[in-house]
Amino acid sequence: MSEIHDTHAAHVEKEYSILQIAMNLTIACLVSGIILATTYFITHPIAVEKAKMLEEQAMKDLVAEADTFNAVEGQEGWFAAEKGGSIIAYIVPSESKGYGGTIKIMVAVSMDGKVIDYNILSMNETPGLGDSAAKEFFRDRIKGKTSDDLIVVKDPSNKENVQALTGATITSRAVTDGVRAAVDEVTEFTGGK
Amino acid sequence: MSAQINAAETLLSVSTAPYIKSEDTVSKIMWKVNLALAPAAIFGVIYFGVPALINIVVSIIAAVAAEYAVQKIRKVRITAFDGSAFLTGLLLAMCISPEMPPYMTAIGSAIAIVIAKHSMGGLGQNIFNPAHIGRAALMVSWPIAMTTWSTIKTPVDAVTSATPLGILKLQGYSELLETFGGRSELYKALFLGMRNGSIGETCTVLLIIGGLFLVWKKIINWQIPVVMIATVGVLTWIFGPEGFFTGDPVFHMMAGGLIIGAFFMATDMVTAPITKRGQIIFAIGAGMITSLIRLKGGYPEGVCYSILLMNCVTPLIDLVIKPRIYGTGR
Amino acid sequence: MRNLWNIYKKGLIDENPIFVLALSLCPALAVTTSVVNAFTMGLSVMFVITANNVSVSLIRNLVNPKVRVPVYITSIATIVTFVELVLEAFAPLLYKELGIYLALVVVFAIILARAEVFASKNKVIPSFFDGLGMGSGFTLAMVIIGVIRELLGSGTILGHTILGAWYNPALIMILPPGAFLLIGYMIGGLKVYEAKKAKKLREVDAQ
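The residue count restarts for each chain, going from 1 along the sequence in the order it is written. In the order they appear in the text, chains get letters beginning with A and ligands get numbers beginning with 1. Only residues with pLDDT of at least 70 get local features here, since the model is predicted, and only at 80 or more are side-chain atom pairs given and counted; chain-wide, interface and lining totals rely on the full set of residues.

### Here we look at the overall build of chain A
The line we're drawing: What counts as a helix is a DSSP run of H or I of at least four residues, what counts as a strand is a run of E of at least two, and both are numbered from the N terminus. Any residue with 12 or fewer other C-beta atoms within 10 Å of its own C-beta is exposed, any with 20 or more is buried, and the rest are partly exposed; the C-beta atoms used are placed from the backbone. Contact definition: two residues whose C-beta atoms, as placed from backbone geometry, lie within 7 Å.
Within chain A, the secondary structure is distributed over four helices and seven strands. Taken from the N to the C terminus, the helices and strands of chain A come in the order α-α-β-β-β-β-β-α-β-β-α. Judged by the C-alpha coordinates and their principal axes, chain A covers about 100 × 45 × 25 Å. When burial is assessed residue by residue, chain A has 25% of its 193 residues classed as buried. Put simply, of all contacts in chain A between residues at least 6 apart along the chain, 49% involve residues at least 24 apart.

In structure tokens:
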């Protein structure tokens, strides 16, 4: 007698229809969607503004004397750093293949074809070795050089070219090549010099 | 009258297995291997000077002390003086640059003993070659110190502080020949140990003599070292820098840690396969990975990692290639 | 009250998510290279797990048991996305630092585990304290690991140099192998401690 009762109970347990299950999930997703849409509506404009501010700050760090940065027509990702109405530098994105993947750099190039500074946007190099490429001391080795000087060497007495990072020759080469590519592009754009 | 068994009149004595005993104990084997390594180690000290001696001594003391400490803490039988910790310390020292700061060597040695050997269960239970684990840990921790070599003069009085494989990787084969003054000079330098490198890996002739000693004493099989070295030779010859069959196999077979790795570390009975066929597979695999890293990888030398990687595969090899059970058909 | 404290406390040591339950080891390895990162990730997880426990507990009688896992995941994903949007707008630098790992919080086992094991069967306030406790234990573990890794691997804590220039940092500590070894030995050490404690309790009982 109880056997039949149990099976009956078990049978009732399984009686959730597909509709009920679907409704459950749909309502859950609906609620989730409403919450997220509202949040997005409120926070997104602020996020966009903040992102733009950070970008401008990053560019100001590269070219300190500029007062405005404007996008360059026809060149994706390029910015012209202007001071008092005239362009003093171009800020250009560049990419190169490093030891652990693509290295993305923003390079500030002066009008006479020299590197002002650069900022590494993303890289996946070895911590403690290759990731020193973003540090001040390595940037100093690249700043102020022209395209011809941007070659990596290991001889400590050579001050003209770029000293490699100890234990990170591949990373050093990649960053230097990326910067040099940016300088060459700017030189070509400004009509060659 | 009670039966009296007079011990002096026993005609038959019964004992338990094993009935055939080998002369070797773990300890004796370990000390024989240490002996085989000694000539190359002494050469390293003479060639590289006091820093090499300090590193060897520190490494050995650290290994033995670490093993003693671990066994004391775990309250197990102290086997720290049986020669195996000594061997690990010695091997590690012979695989690192003589310019390493001794405290780093000591830490590497301790890592090899504590992590690679005892955390895995102690002698006979380790999966990976402890000395190479120590070396790999040091490489990851202090890569700049591990790639700082001595400054030596080559036979043609060129000053260099890079290893031959390092020169090959970063500057190319012609630069390498120039540094040594030609092919036969290069081979002579490699064979006699007149080159830059780790403390114990440089003198090919002494290492081979040590290896042959071990083969003679039946401590290692000749198959692993010969096959591993030959594999590297063949592959580096085929995949040469200027197209197929333009490589320099003689150079590659003598360069870097290949000789010492093939004779003394790939043959480690705990971490290598049991069967001869398995060992040959192990040797071929290690040779292939070494060649791959040397030719295409980011590092100039690949022996350490190739042996560790093949250590991973050893259990699999042993699973697939079972020893033939005595008495069953072929 | 006593009961709530007990519920909170167990997440700290006895059932610590990382060292005892061995859940969510992924962030423990990846995000603990510095104390700041470890702490931030810990706080984010604490927020998500508490909020999720509360939300799951609130709807526990409405959820169809057959689809409870998808519904819980939806709940977790909503909360995490909410955190992402808020961080992107109000703390963009932090958002960039956490990067991909913030989105990965959705799949942290500990959050789903607590929802399934505790929040779906208990009232809201106990669930809140359970989430808080687990989150605190997680953060505690993360910070401990982070302190050791950053100190030994970079010589700094919170960016301030503690070990001077004489210290040549062991890079292995800020790389995954060092994290694996450290966490492994810490779990082992905790087990030894627990075994000794249990042995002492048995001896006391026997007397």
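And the narrative resumes.
### Focus: the domain arrangement of chain B
Bring the parts together and some accessible area is lost; that lost area is often taken as the interface size. Residues and elements named next belong to chain B. Short version of the rule: Domain borders in the structure are assigned automatically or taken from a domain database. Under the convention adopted here, Pro, Cys and the residues Ala, Val, Leu, Ile, Met, Phe, Trp and Tyr are nonpolar, Asp, Glu, Lys and Arg are charged, and Gly plus all remaining residues are polar.
In terms of domains, chain B is made up of domain 1 (26-146), domain 2 (155-196) and domain 3 (220-320). Using only C-alpha atoms to locate each centre, domain 2 and domain 3 end up separated by 22 Å. The partner domain 3 presents 10 residues to the 11 residues of domain 2 that form the contact. Contributions of two or more residues to the side of domain 2 that touches domain 3 are made by α7 (164-171) and α9 (183-192). It is α7 that provides the largest number of residues to the side of domain 2 that touches domain 3, a total of five residues. Across the side of domain 2 that touches domain 3, the residue classes break down as eight nonpolar, two polar and one charged.

### Some details on the interface of chain A and chain C
Listed as interface residues are 20 residues of chain A and, on the opposing side, 19 residues of chain C. Among the residues making up the side of chain A that touches chain C, the classes are represented as 13 nonpolar, six polar and one charged.

### Topic: the sheet that holds strand β3 (residues 86-98) of chain A
Residue and element names in this part refer to chain A. Let me state the cut-off plainly: DSSP calls a pair of strands paired once it identifies at least 2 bridges connecting them. Axis lines are fitted through C-alpha atoms, for helices just across the contact stretch, and the angle between N-to-C directions can take any value from 0 to 180 degrees.
Here we have five strands laid out as an open sheet, ordered β1-β2-β3-β4-β5, and antiparallel in their pairing. On the outer flanks of this sheet lie β1 (68-71) and β5 (115-122), each paired with one strand and no other. The mean angle between the axes of side-by-side strands here comes to 25 degrees, regardless of whether they run parallel or antiparallel. Strand direction decides the pairing type here: β3 and strand β4 (residues 101-110), joined by 10 bridges, are antiparallel. Bridging from a neighbouring strand, Val92 pairs with Val107 of β4. Against the sheet, helix α2 (residues 18-62) engages β1, β2 (79-83), β3, β4 and β5, with an angle of about 145 degrees to β5.

### With respect to helix α1 (residues 26-48) of chain B
For an α-helix, the turn length of 3.6 residues means that residues three or four places apart are oriented alike. Residue and element names in this part refer to chain B. The cut-off we apply is this: Each residue after the first adds 1.5 Å to the expected span of a helix.
For α1, which comprises 23 residues, the first-to-last C-alpha distance of 32 Å matches the rise-based estimate of 33 Å (1.5 Å per residue) to within 8%. All buried positions along α1 are accounted for by Ile29, Met30, Val33, Ala36, Leu37, Ala40, Ala41, Phe43, Gly44 and Phe48. Looking at the buried side of α1, the elements it contacts are α2 (50-73), α3 (84-94), α10 (204-216) and α13 (258-265). In the segment just after α1, Gly49 is the residue with positive phi, at about 95 degrees.

### Structural notes on the domain arrangement of chain A
You can read the domains of chain A as domain 1 (2-49) and domain 2 (68-189). The C-alpha-based centres of domain 1 of chain A and domain 2 of chain A are spaced at 52 Å.

### A few points about the interface of chain A and chain B
At the junction of the two partners, chain A supplies six residues and chain B supplies five residues. Tallied by class, the residues present in the side of chain A that touches chain B amount to three nonpolar, three polar and no charged.

### Some points on α9 of chain B
All names here are of chain B. Selection rule: Each C-beta atom gives one direction from the helix axis, and the arc is the one those directions make.
Where α9 is concerned, the buried positions are Leu186, Ala189 and Leu190. Angularly, the buried residues of α9 cover 95 degrees about the axis, an arc narrow enough to put them on a single face. Check the buried side of α9 and you find it contacts α7, α8 (173-180), α10 and α12 (249-254). Trailing α9 by a residue or two, Gly193 shows a phi angle of about 90 degrees, which is positive.

### A look at the environment of Phe129 of chain C
All names here are of chain C. Positionally, Phe129 belongs in helix α8 (residues 124-154). Taking the C-alpha atoms as reference points, Phe129 and Thr50, separated by 79 residues in sequence, lie 7.6 Å from one another. With sequence-adjacent residues up to four places away left out, Phe129 is seen in contact with Leu4, Ile7 and Tyr8.

### As for the environment of Ser147 of chain A
All names here are of chain A. Along the polypeptide, Ser147 turns up in the loop between α3 (136-142) and β6 (152-153). Remark: the alpha-carbon pair of Ser147 and Thr38, spanning 109 residues in sequence, is separated by 50 Å. Ignoring any residue separated from it by four or fewer positions in sequence, one finds Ser147 in contact with Gly113, Arg180, Val183, Asp184 and Thr187.

### Some thoughts on the nonpolar core
Stated formally: Residues enter a nonpolar core if they are buried, belong to Ala, Val, Leu, Ile, Met, Phe, Trp, Tyr or Cys, and are joined to the set through C-beta atoms within 7 Å.
Among the nonpolar cores identified, the biggest contains 97 residues, and Leu90, Met94 and Ala266 of chain B are the most heavily contacted of them. Apart from residues lying up to four places away in sequence, Ala266 of chain B is in contact with Ile224, Pro225, Met228, Gly261, Ala272, Phe282, Ala283, Ala286 and Ile307 of chain B. In this structure, Val45, Val56, Val71 and Leu85 of chain C belong to the second largest nonpolar core, which totals 45 residues.

### Looking at the packing of α7 of chain B against α8 of chain B
All names here are of chain B. Condition: Reported orientations rely on four angle classes, namely roughly parallel under 35 degrees, roughly antiparallel over 145, roughly perpendicular from 65 to 115, and oblique for the rest. Crossing handedness follows the turn of the near helix against the far one: under a right angle anticlockwise gives a left-handed crossing, and clockwise gives a right-handed one.
Between α7 and α8, the least distance of the axes is 7 Å, while the angle of their chain directions is 140 degrees. With respect to their mutual orientation, α7 and α8 come out oblique. The two elements α7 and α8 cross, and the hand of that crossing is right-handed. Residue-level inspection shows Pro164, Ile167, Leu168 and Gln171 of α7 in contact with α8, the latter providing Tyr173, Glu175, Leu176 and Thr179.

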